[in-house]
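Given next are the chains, with one letter for each unit.
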Amino acid sequence: MGLLESIRGPRDLKALSPEQLTVLAGEIREFLVDSVSRTGGHLGPNLGVVELTLALHRVFDSPHDKILWDTGHQSYVHKIVTGRHDFAKLRQEGGLSGYPSQAESEHDVIENSHASTVLSYADGFAKAFQVRGLDDRHVVAVIGDGALTGGMAWEALNNIAAAKDRPVVIVVNDNERSYAPTVGGLANHLATLRTTRGYERFLDWGKGVLGRTPVVGQPVYDILHGAKKGLKDFVAPQGLFEDLGLKYIGPVDGHDAEQMEQALRKAKGFGGPVIVHALTQKGRGYDPARNDEADQFHAVNPIHPETGLPIAKASGASWTSVFADEMVKVGAERDDVVGITAAMLIPVGLHKFAAAYPDRTFDVGIAEQHAVTSAAGLALGGLHPVFAVYATFLNRAFDQVLMDCALHKCGVTFVLDRAGVTGFDGPSHNGMWDMSILQVVPGLRLAAPRDAAQVRAQLREALDVDDAPTVVRFAKGTVGPEVPAVGRIGGMDVLRRTGPERNGGGEGGDVLIVSVGTMAEAGIEIAERLADQGIVSTVVDPRWVKPVDPELPKLAARHRLVVTLEDNSRIGGVGSAIAQAMRDAGVDVPLRDFGIPPEFLDHATPGSILSRIGLNAQDISLQVVGEVARLAADTPPGETAKPVS
Ligand SMILES: Cc1ncc(C[n+]2csc(CCOP(=O)(O)OP(=O)(O)O)c2C)c(N)n1
Ligand SMILES: CC(=O)[C@@H](O)[C@H](O)COP(=O)(O)O
Ligand SMILES: [Mg+2]
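Keep in mind that this is a model prediction, so the values were computed, not measured.

**Regarding the site of ligand 2**
So, point 1. The immediate surroundings of ligand 2 are formed by His42, Tyr99, Tyr179, His298, Tyr390, Phe393, Arg418, Asp425, His429 and Lys476.
So, point 2. A distance of 2.9 Å separates an oxygen atom of ligand 2 from a polar side-chain atom of His298.
So, point 3. Notes on ligand 2: free accessible area 360 Å², of which the protein chains cover 88%.
So, point 4. When the residues that make up the shell around ligand 2 are grouped by side-chain class, the tally is four nonpolar, three polar and three charged.

This is the structure in structure tokens:
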């Protein structure tokens, strides 16, 4: 790839001729398909922003000018033209992040891969430049049509439009899709703007022809321009953006580097808030992506580059598919159950329910806050909504869960997919905070199923609660083997006892291991390892981790040590809640809580993250053996360390 090799920074783009830019764009697409088909990643979105990114870096001077990307999954081309060509370990330990990364480059600003934030950052930058008198630099925000459906984007637009003298260049990257086609009134408005493309071309043609005959040309051009404006307003009212006080430039062909550059130079010189509406295609130039109905290769696992077909076949059912299938069954039994997604119908597993019950499925766009409060409205209206969302994306709707759902005792069920360490997508995608932040929501009940059978059972149990919000959270990827219960204490499943039966129910021993959700297998393995050391333990799965089962403190009192395991932040998680419940019950037994440390976890494979943070059976067993030994050592002389029974 001759030309691409020579691009070591944005400066190398500035001298290229239009012909060279076309060649370079082709080489970049070839590079993206070749590389991302090997590693997996956001192939479709990045194929769609090749010319747009080249134009941005030719018109603006990053890092002096700030080029900001919303969500950041479409920043591979930006990385390539800012000197990062080694994509061999994309999204893996030690490799490039799949999103902008300040540690990687001075050209990167926003690392957060949560959508709809870029305009707020841009508003902040513009205000900072103005207050500091830095009028020699620009801020450019690239936002997708999907991200533009997020509420924050409109809060920011309201502020950006307020100051006519505060330059902000907004590039709307309109490929008509989030994963699926973008929904809502905004999407329809963007569509009407797109239809005026013909008028732009007509007007440009007119300007060219008429411009050569100035005497006649100008008045005729003015008439034409007036006609275009009137026609546009008639056919495609520009009102939305212009009525807000934003200059609107477009629609522009986002794959025509020259047209993009022209529009960006116009925007750069405007001196106030301006929108450049770029029309692009997700997966541009790669037929397998263009022809992909589902999401045009929004995010792929490794694929065969020639065909786009996945290299690895899924090794079993995913957590998502178990939920998807059960939702269809529930839909047939209960016509009050409705589904809600925030622009991720297939990724969260509501597509089958939607196919069966289209009138009972609502895609609200990338608008989780709206989704939650709309769900509260649906519940108050007599239905039982199921909002399926990635755990990390519910973070932004915490107040809506607390005040709009729980305060009103709304029977809304939240199904949190991608809970726990997800790894590849970096620090803002791990579902590691839900079991902490939701602990403080009065009345909310939270379940963490350990296997497919429990997903089905706990989903149904959640749907039976109509006077409080309920949460069912599970991990990314393939669901593990069934983990059968060997007994039940209160609402908790006993998964393993390694000592002789005591007190009839096998209650009591040295260590009580409380494994949450997918930590069940680790809990059982830890019990076996402890047994090898002569340490007797009981493993329980609380199933519903909030509220803490009233039997748990009593069971804890019959052990010398309690160990809790959760794929959630250690801070304020299930372990903390159990410790509090034990204190409240006057049970003074030491507790060791194992979870995710309170840090942002850099991108890597989930396995390597879990082993680095020590959230695995081997490391935990070693610590527990040491703890038990310390406890035994504390036993007064003459007394043998024995379980409290
Ligand atoms: C708050 C939030 N919700 C959901 C997502 C998941 N997500 C990642 S990209 C994407 C679609 C973005 O669409 P758009 O902004 O149009 O960008 P495109 O991929 O089309 O370039 C979604 C829903 C997210 N990153 N953040
Ligand atoms: C950028 C984004 O938020 C999603 O596209 C994310 O990559 C989800 O990844 P998975 O669906 O593969 O978990
Ligand atoms: Mg889009």
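There's plenty left to go through after this.
**Focus on helix H19 (residues 398-406)**
So, point 1. All of the buried residues along H19 are Gln400, Val401, Leu402, Cys405 and Ala406.
So, point 2. Buried residues along H19 sit against helix H17 (368-380), helix H18 (391-394) and strand S9 (413-417).

**Section: the UniProt feature "domain: Transketolase-like pyrimidine-binding" (unreviewed entry) in the protein chain**
So, point 1. Under the local residue numbering, the UniProt record ascribes the feature "domain: Transketolase-like pyrimidine-binding" (unreviewed entry) to residues 317-481.
So, point 2. For residues 317-481, helix accounts for 38% and strand for 16%, while the C-alpha atoms at its two ends are 10 Å apart.

**Details of the site of ligand 1**
So, point 1. The immediate surroundings of ligand 1 are formed by 22 residues, with His73, Gly146, Arg177, Lys282 and Glu368 found nearest.
So, point 2. A distance of 2.7 Å separates an oxygen atom of ligand 1 from a polar side-chain atom of His73.
So, point 3. In this structure, an oxygen atom belonging to ligand 1 sits 2.9 Å away from a side-chain N or O atom of Asn175.
So, point 4. Protein coverage of the free-state accessible area of ligand 1, which is 580 Å², stands at 98%.
So, point 5. Looking at the shell around ligand 1, its residues break down into seven nonpolar, ten polar and five charged.

**Quick look at the nonpolar core**
So, point 1. Membership of the largest hydrophobic core comes to 78 residues, with the highest contact counts inside it found for Phe323, Phe387, Leu394, Phe414 and Leu438.
So, point 2. Broken down by element, the residue count for this core peaks at six residues, all from H17.
So, point 3. Ignoring sequence-local partners within four residues, the contact set of Phe387 consists of Ile340, Thr341, Ala342, Glu368, Ala371, Val372, Leu394, Thr413, Phe414 and Val415.
So, point 4. Core analysis: the next-biggest nonpolar cluster, separate from the first, contains 32 residues, Val168, Leu193, Leu246 and Tyr248 among them.

**As for the environment of His57**
So, point 1. Counting through the fold element by element, His57 comes out in helix H5 (residues 50-59).
So, point 2. Residue His57 is classed as buried on the basis of its relative accessible area of 0%.
So, point 3. Residue contacts for His57: discarding those within four places in its chain leaves Pro10, Leu13, Lys14, Ser62, Ile67, His78, Val81 and Thr82.

**Here's the deal with the coordination of the magnesium ion (ligand 3)**
So, point 1. Those protein atoms acting as donors to the magnesium ion (ligand 3) are Asp145 (OD), Asn175 (OD1) and Arg177 (O), and they sit at 2.0 to 2.2 Å.
So, point 2. Positions of the donor residues of the magnesium ion (ligand 3), expressed as sequence spacing, correspond to D-x29-N-x1-R. Of the two residues, Asp145 sits in the loop between strand S2 (139-144) and helix H8 (151-160) while Arg177 sits in the loop between strand S3 (168-174) and helix H9 (185-194), which places them 32 residues apart along the sequence. With respect to burial, Asp145 and Arg177 carry one shared label: buried.

**As for the confidence of the model for the protein chain**
So, point 1. Confidence in the prediction of the protein chain, expressed as mean pLDDT, is 93, and 90% of residues score 70 or more.
So, point 2. Here the prediction assigns the complex a pTM of 0.93, and the interface score ipTM is 0.99.

**Some remarks on the UniProt feature "binding site: Mg(2+)" (unreviewed entry) in the protein chain**
So, point 1. Taking the UniProt record as the reference, the feature "binding site: Mg(2+)" (unreviewed entry) is found at Asp145 and Asn175. These annotated residues cover 31 residues of sequence, but their C-alpha atoms sit close together, with the largest distance between any two at 6.9 Å.
So, point 2. By relative accessible area, which is 2% here, Asp145 ends up buried.
So, point 3. Apart from residues lying up to four places away in sequence, Asp145 is in contact with Asn173, Asp174, Asn175, Glu176, Arg177, Thr182, Leu186 and Leu190.

**Examining the pairing of strand S15 (residues 537-541)**
So, point 1. Taken across its five residues, S15 has five buried, putting it largely inside the fold.
So, point 2. By the alternation rule, side chains of S15 split into Ser537, Val539 and Asp541 and Thr538 and Val540, which are all buried.
So, point 3. Alignment of strand S13 (residues 492-497) against S15, held across four bridges, turns out to be antiparallel. Looking at the pairing, Arg497 lines up with Thr538 of S15.
So, point 4. Pairing between strand S14 (residues 509-515) and S15: four bridges, direction parallel.

**Some remarks on the side chain of Arg418**
So, point 1. Mapped onto the elements of the fold, Arg418 is located in the loop between S9 and helix H20 (434-437).
So, point 2. In this structure Arg418 comes out as buried when scored by relative accessible area, which is 17%.
So, point 3. In terms of polar contacts, Arg418 uses its side chain to reach the side chain of Tyr390, at 3.1 Å.
So, point 4. Not counting chain neighbours up to four residues away, the residues in contact with Arg418 comprise Thr320, Pro347, Tyr390, Ala391, His429, Gly431, Phe474, Ala475 and Lys476.

**Topic: the packing of aromatic side chains**
So, point 1. For the structure shown, the criterion picks out twelve aromatic pairs.
So, point 2. Seen in terms of ring centroids, Phe125 and Phe129 are 5.8 Å apart; in terms of plane orientation they differ by 50°. Their pairing is tilted. Of this pair, Phe125 and Phe129 are both found in helix H7 (residues 118-131), four residues apart, which corresponds to roughly one turn of the helix.
So, point 3. Ring geometry for Trp319 against Phe474: centres 6.1 Å apart, planes inclined by 10°, an arrangement best described as stacked.

**Digging into the packing of helix H15 (residues 319-333) against helix H21 (residues 452-463)**
So, point 1. The geometry of H15 relative to H21 is characterised by a closest axis approach of 10 Å and an angle of 40° between their N-to-C directions. The angle between H15 and H21 falls in the class oblique. Of the two elements, H15 crosses H21, and the hand of that crossing is right-handed. Across the interface between the two elements, Trp319, Val322, Phe323, Glu326, Met327, Lys329, Val330 and Glu333 of H15 pack against Ala452, Val455, Arg456, Leu459, Arg460 and Leu463 of H21.
So, point 2. Taken together, the residues of the contact of H15 with H21 break down into nine nonpolar, no polar and five charged.

**Things to note about the side chain of Asp295**
So, point 1. Positionally, Asp295 belongs in the loop between helix H14 (287-290) and H15.
So, point 2. Buried charge Asp295 goes without a salt bridge, the closest partner of opposite sign being Arg177 at 6.5 Å.

**Re the pattern of salt bridges**
So, point 1. Throughout the structure, instances matching the rule amount to 37 salt bridges.
So, point 2. Ionic pairing is found between Arg265 and Glu261, a salt bridge with its closest N-O pair at 3.1 Å. Taken together, the positions of Arg265 and Glu261, both in helix H13 (residues 257-268) and four residues apart, correspond to about one turn of that helix.
So, point 3. Judged by relative accessible area, which is 9%, Glu261 ranks as buried.
So, point 4. Between Arg473 and Asp567 there is a salt bridge, with its nearest N and O atoms 2.6 Å apart. One end of the pair, Arg473, is in strand S11 (residues 470-473); the other, Asp567, is in strand S17 (residues 559-569), and 94 residues separate them in sequence.
So, point 5. Via salt bridges that share partners, Arg450, Asp451, Glu461, Arg488, Asp493, Asp541 and Arg543 belong to a single interconnected network.

Conventions we followed
Going along each chain's sequence as written, the residues are numbered from 1 onward. Key to labels: chains lettered from A, ligands numbered from 1, both in the order written. Only residues with pLDDT of at least 70 are given local features in this predicted model, and only at 80 or more are side-chain atom pairs given and counted; all residues enter the totals for whole chains, interfaces and linings. Side-chain metrics in this entry use all non-hydrogen atoms of the structure; hydrogen atoms and water are not considered. Each residue is tested against the molecule or strand, and it is near if at least one of its non-hydrogen atoms lies within 4 Å. Pairs of N or O atoms within 3.5 Å make up the polar contacts considered here, provided that, within protein, one atom can donate a hydrogen while the other can accept it, and that residues adjacent in sequence are counted only when both atoms are side-chain atoms. All accessibility values rest on the Shrake-Rupley procedure with a 1.4 Å probe; residue burial counts only the protein chains present in the view. Note on residue categories: nonpolar means Ala, Val, Leu, Ile, Met, Phe, Trp, Tyr, Cys or Pro, charged means Asp, Glu, Lys or Arg, and polar means any other residue, Gly included. For every residue, the accessible area obtained with a 1.4 Å probe (protein chains only) is divided by the maximum for its type, and the residue is called buried under 20%, exposed over 50%, and partly exposed between those limits. To qualify as a helix, a DSSP run of H or I must reach at least 4 residues; to qualify as a strand, a run of E must reach at least 2; elements of each kind are numbered from the N terminus. Any pair of residues with heavy atoms lying within 4.5 Å of one another is described as a contacting pair. UniProt positions are given in the numbering used here, feature names are shortened, and annotations may be inferred rather than shown by experiment. Grouping buried Ala, Val, Leu, Ile, Met, Phe, Trp, Tyr and Cys residues that are joined through side-chain atoms within 4.5 Å yields what is termed a nonpolar core. Coordination here is defined by N, O and S atoms within 2.8 Å of the metal (3.2 Å for Na, K and Ca), and since water is not considered, a site can look incomplete. Every residue gets a pLDDT, meaning the predictor's confidence in that residue, from 0 to 100. Two strands are counted as paired when DSSP detects at least two bridges linking them. Two rings from Phe, Tyr or Trp (for Trp, the six-membered ring) form a pair when their centres are within 6.5 Å of each other. A pair whose planes differ by under 30 degrees is stacked, one over 60 is edge-to-face, and the rest are tilted. Orientation is described by axes fitted as lines to C-alpha atoms, over the contacting stretch for helices, and by angles from 0 to 180 degrees between their N-to-C directions. Comment on the angle field: the value is read as roughly parallel under 35 degrees, roughly antiparallel over 145, roughly perpendicular from 65 to 115, and oblique elsewhere. Working rule for handedness: look at the near helix, and if it is turned counterclockwise from the far one by less than a right angle, call the crossing left-handed; if clockwise, right-handed. The charge count treats Lys and Arg as positive and Asp and Glu as negative. His and the chain ends do not count. Here, a salt bridge means any Lys or Arg side-chain nitrogen found within 4 Å of an Asp or Glu carboxyl oxygen.

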